[in-house]
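Single-letter residue listing:
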Amino acid sequence: MSAAISFIFRIIIGGIFLVSGLAKISDPIRLIFTLRDFKLFPEIIVPFTAIYLPWLEFILGLLIIVGLLYRTSSLMLAFLNFAFMLAILSVIIRGIEVDCGCFGLLADMLKIPDMADMKAVIRNMLFIGMCFYISRAKKTMFPLENYFKKV
Amino acid sequence: MKKIAIEALFIMIISLIISLIYSATSTTGIILLKKAFKIKAETKSVIKVSDADRFRKILPRHT
């Protein structure tokens, strides 16, 4: 049973981060504006983060879906989500209204609400819970890791 | 714990390499890379002053 739950969580979390990573990769300029709006990072780091972060999300999502290094990937994604959550909380506390930039272009295309508010914080907490479940689950279905171990 | 740290480092390095390669091949990416590594953008004028003079001599004047 836990293997099936872990597999479903893997598909959900992996799918979300794969797609959101792709959406950000296709529009890095938008991500730069979002990062600037947050007023958390120094200007030197912003372009580098806009290049690197979407690819990290994409690769972590891909690894979780295919089940390769999925325990480490899910832990990394949990920490990443924790960082996003802190950033959104800081914006809420400072009373700045900005887009959270979580889904990049996808938010416009699918008309998903993408504001940095308490809903985004709760969503991130949910993602963190799922990530910890994936990393702690003893078994999961169809991990590619097992195939490599046999070979 | 050590295994997780090594795997995490591996994933981070792989994503760094892929992101740099991708950025180096896209127009927006190159601009961002230049900004990230503080490389001054080269500004090349399309027509040099000497070229403009040459065109003026070749092209017929308006009458």
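Coordinates for the structure precede this section.
Below or above, wherever it landed, is the structure these notes cover. (Residues numbered from 1 in each chain as written. Chains lettered and ligands numbered in written order. Predicted model: local features only at pLDDT ≥ 70, side-chain atom pairs only at ≥ 80, totals over all residues.)

### Things to note about the nonpolar core
All names here are of chain A. Within the largest apolar cluster, 29 residues are counted, with the highest numbers of intra-cluster contacts made by Ile-13, Ala-50, Leu-60, Ile-64, Leu-77, Cys-131 and Ile-134. Secondary structure elements with two or more residues in this core: helix 1 (2-26), helix 2 (28-38), helix 3 (45-66), helix 4 (70-94) and helix 6 (118-136). It is helix 3 that contributes the most residues to this core, 12 residues altogether. Discounting residues that sit within four places of it in the chain, Ile-13 has contacts with Ile-64, Leu-77, Phe-127, Met-130, Cys-131 and Ile-134. Counting residues in hydrophobic clusters, the runner-up holds seven residues, among them Phe-84, Ile-88, Cys-100 and Ala-116. (Core = buried A, V, L, I, M, F, W, Y, C linked by C-beta atoms within 7 Å. Buried ≥ 20, exposed ≤ 12 C-beta atoms within 10 Å, placed from the backbone. Helix = DSSP H or I, 4+ residues; strand = E, 2+ residues; numbered from the N terminus. Contact = placed C-beta atoms within 7 Å.)

### Observations concerning the packing of helix 4 of chain A against helix 6 of chain A
Residues and elements named next belong to chain A. Close contact between helix 4 and helix 6 brings their axes to 8 Å; oriented N to C, the two are set at 165 degrees. Classified by the angle between their axes, helix 4 and helix 6 sit roughly antiparallel to one another. Like other packed secondary-structure pairs, helix 4 and helix 6 cross with a definite hand, here left-handed. Taken together, the residues that form the contact of helix 4 with helix 6 break down as 19 nonpolar, four polar and one charged. (Axes fitted to C-alpha atoms, helices over the stretch in contact; angles between N-to-C directions. Parallel < 35°, antiparallel > 145°, perpendicular 65-115°, else oblique. Left-handed = near helix turned anticlockwise from the far one by under 90°. Nonpolar A, V, L, I, M, F, W, Y, C, P; charged D, E, K, R; others polar.)

### Considerations on the interface of chain A and chain B
Taken residue by residue, the interface counts 17 residues in chain A and 17 residues in chain B. Of all the secondary-structure elements, those providing two or more residues to the side of chain A that touches chain B are helix 2, helix 3 and helix 4 of chain A. When grouped by side-chain class, the residues that make up the side of chain A that touches chain B number 15 nonpolar, two polar and no charged.

### Quick word on helix 1 of chain A
Residue and element names in this part refer to chain A. The end-to-end C-alpha distance of helix 1 is 36 Å, a good match for the 36 Å that 25 residues give at a rise of 1.5 Å each. Regarding helix 1, the residues found buried are Ser-6, Phe-9, Arg-10, Ile-13, Gly-14, Phe-17, Ser-20, Gly-21, Ala-23, Lys-24 and Ile-25. Where the residues of helix 1 are buried, they touch helix 2, helix 3, helix 4, helix 5 (105-110) and helix 6. (Expected span 1.5 Å × (residues − 1).)

### With respect to the environment of Leu-18 of chain A
Residue and element names in this part refer to chain A. Within the secondary structure, Leu-18 is located in helix 1. Exposure remark for Leu-18: the 19 C-beta atoms within 10 Å place this residue in the partly exposed category. For Leu-18, the contacting residues outside a window of four places in its chain are Phe-58, Gly-61, Leu-62 and Ile-65.

### So, the environment of Leu-22 of chain A
Residue and element names in this part refer to chain A. Relative to the assigned elements, Leu-22 resides in helix 1. With 17 C-beta atoms counted inside 10 Å, the residue Leu-22 sits in the partly exposed group. Leu-22 sits 83 residues away from Leu-105 along the chain, and the two C-alpha atoms are 9.2 Å apart.

### Brief notes about the packing of helix 1 of chain A against helix 6 of chain A
The description of two packed helices rests on the angle between their axes and on the distance between the axes. Residues and elements named next belong to chain A. Two elements in contact, helix 1 and helix 6, have axes separated by 9 Å at closest approach and are oriented at 130 degrees. By the criterion of interaxial angle, the relationship of helix 1 to helix 6 is oblique. Remark: the crossing between helix 1 and helix 6 carries left-handed chirality. Facing Ser-6, Phe-9, Arg-10, Ile-12 and Ile-13 of helix 1, the residues of helix 6 in contact are Phe-127, Met-130, Cys-131, Tyr-133 and Ile-134. Split into classes, the residues belonging to the contact of helix 1 with helix 6 amount to eight nonpolar, one polar and one charged.

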